[in-house]
Amino acid sequence: MRPMNRHKTIHGNQRLLALILCLALIISTLCGCDLQKMADPSQTEKTAEQKTGKNKENKTAEPESTPVQPAILVYYDADGNRFEMVIDDRVTKHNYNWDKLEHTTGSPKKVSGYDDGTYTIRQGVDVSHHNGVIDWEKVKKAGYDFAFLRLGYRGYGKEGRLLVDRQFQSSFKRARAAGIDLGVYFFSQAINEKEAIEEAKLVLRELNDSNLELPVVYDPEFIREDEARTDNVTKEQFTKNTLAFCKVIKKAGYQPAIYTNLYCQDHMFDLSQLEDYPLWYADYKPEPQTPYRFTYWQYAETGKVPGISGNADLNVEFVKKKKK
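The text that follows walks through the structure, step by step, so that each part is easy to find.

Procedures and definitions
- Residues numbered from 1 in each chain as written.
- Predicted model: local features only at pLDDT ≥ 70, side-chain atom pairs only at ≥ 80, totals over all residues.
- Heavy atoms only, no water.
- 1 Å grid on protein atoms, 1.4 Å probe; cavity = no way out; pocket = protein on both sides within 12 Å on 5 of 7 lines; lining within 4 Å.
- Points joined across faces, edges and corners; volume = space filled by probe spheres on them.
- Helix = DSSP H or I, 4+ residues; strand = E, 2+ residues; numbered from the N terminus.
- Nonpolar A, V, L, I, M, F, W, Y, C, P; charged D, E, K, R; others polar.
- Polar contact = N/O pair within 3.5 Å; in protein donor to acceptor, adjacent residues only side chain to side chain.
- Contact = heavy atoms within 4.5 Å.
- Buried < 20%, exposed > 50% of the residue type's maximum accessible area, 1.4 Å probe, protein only.

### What to know about empty space enclosed by the protein
Gaps between atoms show up when a probe of the same size as a water molecule is rolled over them.
Reasoning step 1: Applying the stated criterion across every chain, the model contains one cavity of 30 Å³ or more.
Reasoning step 2: Here the largest cavity defines a volume of roughly 40 Å³.
Reasoning step 3: For the largest cavity, the full set of lining residues is Val127, Ser128, His129, Leu149, Arg150, Asp165, Gln167, Phe168 and Ser171.
Reasoning step 4: Looking at the lining of the largest cavity, the elements that each hand over two or more residues are β6 (146-154) and α5 (168-177).
Reasoning step 5: Looking at the lining of the largest cavity residue by residue, the classes come out as three nonpolar, four polar and two charged.

Following this line, the structure appears as structure tokens:
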């Protein structure tokens, strides 16, 4: 065999190598590769961090969010004591406009009118045997259209005796004859659900299926002037008692309701659990302080009413106007 020319072989190899390098350069250009980056992976990672903003040294700190502060209501009880209450966002608020509220002169000022285009009012009283024998015809002629009668009460002593108001049956018959719309209330000192149910059953027994235009009201209260069997009852238990009473009354076909003031709403009731029941709200300020919804407002305890001797509790009912 004829031996290969050595110089031609070297030159051929050089041309082949140059061709391979050219092809490699073209391929790297088309693929966007950087030979330097391929040789140094850490440089590639650093560049990627810079492009994506993940470089921890250059990352901008985000401001911390400020927690929302709960709304606080400052209010005063019947004795002028100052309290602060956290407003519960879970509870329905009223939308009454107190700029539309009208008062008479004198003391106490009688609520004489209200009309916000949606609601108006009508006048009423609430009474017990402490008001004596009442001339209901005079009450009606004086412009009072409804009344809450105390049906009974539980003693606040240790025994907690259940009693019927001694004027209830008489007042019920005569007020009905005078054309007064009626509801009843029970002054409760129940310390548990069992006792609250006992109170509800007494109410139903005394009503004996009588018709009512207004609700049967559950009225648990703190005793301010003396020690009472409910002094250590918790807010949770008061709420349970209220629910137990109202469920028995509702099952019997009557509308249950709850008597409250702002202190009770703050310390005695979880109102978010009582949304199904109307509220009878007591507050002797010129305007109700509560932000929460209510239907009846007891606005004075020293009112003067024809037909009732001595002081009388004055009330208004907020009535939705009929659409024309």
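### A word on the side chain of Arg293
Reasoning step 1: Here Arg293 shows up in the loop between β11 (279-282) and β12 (296-303).
Reasoning step 2: Polar contacts involving the side chain of Arg293 include one to the main-chain carbonyl oxygen of Glu275, which spans 3.5 Å.
Reasoning step 3: In terms of polar contacts, Arg293 uses its side chain to reach the backbone carbonyl oxygen of Tyr277, at 2.6 Å.
Reasoning step 4: Contact partners of Arg293, with chain neighbours within four places excluded, come to Thr92, Lys93, His94, Leu274, Glu275, Tyr277, Pro278 and Leu279.

### Digging into the environment of Thr302
Reasoning step 1: When you line up the elements, Thr302 lands in strand β12.
Reasoning step 2: On the basis of relative accessibility, which here comes to 36%, the residue Thr302 falls in the partly exposed class.
Reasoning step 3: In sequence terms Thr302 and Ala312 are ten residues apart; their C-alpha atoms lie 5.5 Å from each other.
Reasoning step 4: Here Thr302 is in contact with Pro108, Asn311 and Ala312, once residues within four sequence places are set aside.

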